[in-house]
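A closer look at the structure
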Amino acid sequence: MLFKYNGFDSNGKKIKSKLEATTLEEAKGKLKAKGILYTSLDEENFSLSKFSFKRKRNLNLSALSYLSRDLSMYLNSGISLISAINLLKQRYKNDKTLHSFFESISTYLDEGKNFYVALDSQNIVKLPEFYKQSIKISENGGLLESVLLELAVFLKEQDRIRKQVSSALAYPLFILFISVLMVAFMLSFIVPKLTDIFTQIDQELPTITKIVIALGDFFSNNYVFVFSGLFALIFTFVTLLKRSKSFKYAFDKLLLKLPFFSTMIEQGELARFSYMNSILIKSGVPIVQSINLSANILKNSVIKRVFVEASQSVVEGKKLSVLLASNKIYKIEESFIHSIAIGEDTSKLSEILNNLASLYNESNKDKTDIFLSLLEPMFMLFVGVTIGTIVIAMLLPIFSMNLG
């Protein structure tokens, strides 16, 4: 639960803030440990602000990257961890969520807990499991500064890829959306008006005109049901994708069978796995645990299952490259398996995985650029052909009348 308090710090400065604790006595103990003389300490009353604090907030990749980078810079400059956290707390004093997050971390550190326990115990911000495990291992191995910087680079790269795809898709999707509305409007309102004219003509209409008129009648009479059904279909699909593991697995398996897209998806997942695994191994995480943690950040459930099942056999002393080559779930790219085998034989798996991540990211970036550059003209062609077909279908009977 969250407590709000007013008081004075060890320097006599008046402060007003919030504190996370399970009981009132625990909150008092935490304030005493921080050297704060409180004048009032109360559990925060129920409100929308409390509700938002009790729900863990998901930090976006960019924000988590900046926080990791800044913390790494502070630690590299010789500042202690608790001082670095306090600096960040002051820096984000206008952001209630992040300020409470750093306040909570600072409290746990003052109590003598290590950084990993503080991150795992706080209930303000939801952090990825691989991120916390990387902190745990690196803190024990004295590599916290370097691993934080590596995590910052990884998160920033993932955020860059996501933003690149989103921004590139924005205009083509806008065109597609407008074109669908235009076609629906023409079929629902324009075509029925022209149909009234054609009914007065005692002649056989072209087949394409009959089809467009039939579609126009259907849309004009059922456009509410069509849009409602389309919305329900999209909602059901998204819900099943999030809630049903079997549906997501089947959908991911289908994606991996599509030409061109399957290569993009596989290389993107292998790049993500390689970079994360490289960081974890460099941090001193055991290979079995690093494979599991790296697999958990993968989005495609089929490829994720390949690595999770492989990690279970690695415990028995088998090589990852052999397990990937012999798996029956999905055939992983051979060059990736060969590179893993070389890394295992030379004990330079971390370096090779890092190089693989760079190569796959570069290759995938080129493929993504090509795909996105072709997407816009493809949508424009689709719009032109669809609207052109409707216009021609409506003009053919009129030309026939003039010729007659």
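Here we summarise the structure given alongside this text. (Residues numbered from 1 in each chain as written. Predicted model: local features only at pLDDT ≥ 70, side-chain atom pairs only at ≥ 80, totals over all residues. Heavy atoms only, no water.)

Before going further, it helps to spend a moment on the overall build of the chain. Secondary structure assignment for the chain yields 16 helices and 5 strands. Relative to the 2.2 N^0.38 estimate, which gives 22 Å for 404 residues, the radius of gyration of the chain is 29 Å and therefore markedly larger than a compact globule would have. Taken along the three principal axes of its C-alpha coordinates, the chain extends 100 × 60 × 35 Å. The buried share among the 404 residues of the chain stands at 40%. When contacts within the chain are restricted to residue pairs at least 6 apart in sequence, long-range pairs at least 24 apart make up 63% of them. Of the roughly 22500 Å² that the chain leaves accessible, carbon and sulfur atoms contribute 62%. (Helix = DSSP H or I, 4+ residues; strand = E, 2+ residues; numbered from the N terminus. Rg over C-alpha atoms; globule rule 2.2 N^0.38 Å. Buried < 20%, exposed > 50% of the residue type's maximum accessible area, 1.4 Å probe, protein only. Contact = heavy atoms within 4.5 Å. Areas by Shrake-Rupley, 256 points an atom, 1.4 Å probe, with all protein chains shown as cover.)

With that settled, the discussion passes to the pattern of salt bridges. Overall, the coordinates contain 13 salt bridges when judged by the stated rule. Asp 159 serves as the salt-bridge partner of Arg 162, at 2.8 Å between the closest nitrogen and oxygen. Residue Arg 162 and its partner Asp 159 are located together in helix H8 (residues 144-199), separated by 3 residues, close to a single helical turn. Residue classification places Arg 162 among the partly exposed positions, given a relative accessible area of 41%. Its salt-bridge partner being Lys 331, residue Glu 334 comes within 3.6 Å of it at the nearest N-O pair. For Lys 331, a relative accessible area of 61% translates into the label exposed. (Salt bridge = Lys/Arg side-chain N within 4 Å of Asp/Glu carboxyl O.)

Once rolled over the atoms, a probe with the size of a water molecule shows which space is left empty. Taken as a whole and judged by the stated rule, the model has 2 cavities of 30 Å³ or more. The calculated volume of the largest cavity comes to roughly 110 Å³. Together, Leu 64, Leu 67, Ser 68, Leu 71, Ile 85, Phe 101, Phe 102, Ile 105, Phe 115, Leu 119, Leu 127 and Tyr 131 line the largest cavity. Of all the secondary-structure elements, those providing two or more residues to the lining of the largest cavity are helix H3 (61-76), helix H5 (96-110) and helix H6 (115-121). (1 Å grid on protein atoms, 1.4 Å probe; cavity = no way out; pocket = protein on both sides within 12 Å on 5 of 7 lines; lining within 4 Å. Points joined across faces, edges and corners; volume = space filled by probe spheres on them.)

Let's shift gears to the packing of H8 against helix H9 (residues 207-243). Their axes nearest at 8 Å, the elements H8 and H9 cross at an angle of 130 degrees. Viewed along their axes, H8 and H9 adopt a mutual orientation that is oblique. H9 is crossed by H8, and the crossing has left-handed handedness. Contacts between H8 and H9 involve Ala 184, Leu 187, Ser 188, Val 191, Pro 192, Thr 195 and Phe 198 from the former and Thr 209, Val 212, Ile 213, Leu 215, Gly 216, Phe 219, Ser 220, Tyr 223 and Phe 227 from the latter. Broken down by class, the residue content of the contact of H8 with H9 amounts to 11 nonpolar, 5 polar and no charged. (Axes fitted to C-alpha atoms, helices over the stretch in contact; angles between N-to-C directions. Parallel < 35°, antiparallel > 145°, perpendicular 65-115°, else oblique. Left-handed = near helix turned anticlockwise from the far one by under 90°. Nonpolar A, V, L, I, M, F, W, Y, C, P; charged D, E, K, R; others polar.)

The subject of this paragraph is H5. When the terminal C-alpha atoms of H5 are compared, their 21 Å separation across 15 residues agrees well with the 21 Å that a helix rising 1.5 Å per residue should span. Where burial is concerned, most of H5 is hidden: 12 out of the 15 residues are buried. Among the residues making up H5, those that are buried are Leu 98, His 99, Ser 100, Phe 101, Phe 102, Glu 103, Ser 104, Ile 105, Ser 106, Thr 107, Tyr 108 and Leu 109. Near the N-terminus of H5, the side chain that reaches the backbone nitrogen of Thr 97, with its oxygen 3.2 Å away, is that of Asp 95. Two residues or fewer after H5 comes Gly 112, characterised by a positive phi angle close to 100 degrees. (Expected span 1.5 Å × (residues − 1). Polar contact = N/O pair within 3.5 Å; in protein donor to acceptor, adjacent residues only side chain to side chain.)

What follows covers the environment of Leu 215. Here Leu 215 lies in helix H9. Counting along the chain gives 141 residues from Leu 215 to Leu 356, while the straight-line C-alpha distance between them is 52 Å.

Another point: the layout of surface pockets. The volume enclosed by the largest pocket comes to roughly 1600 Å³. As for the largest pocket, its lining consists of 40 residues, of which Gln 158, Arg 162, Glu 269, Arg 272 and Lys 299 are closest to the centre. Taken together, the elements giving at least two residues each to the lining of the largest pocket come down to H3, H8, helix H10 (245-255), helix H11 (261-282) and helix H16 (349-403). Among the elements that line the lining of the largest pocket, the one with the most residues is H8, at 9 residues.

This next bit is on the nonpolar core. Counting 41 residues, the largest nonpolar core has Leu 71, Phe 115 and Phe 130 as the members making the most contacts within it. Leaving out residues up to four positions away in the same chain, Leu 71 has contacts with Leu 81, Ala 84, Ile 85, Leu 88, Phe 115 and Leu 148. Membership of the second largest hydrophobic core comes to 26 residues, among which are Val 306, Ala 310, Leu 353 and Tyr 360. (Core = buried A, V, L, I, M, F, W, Y, C linked by side-chain atoms within 4.5 Å.)

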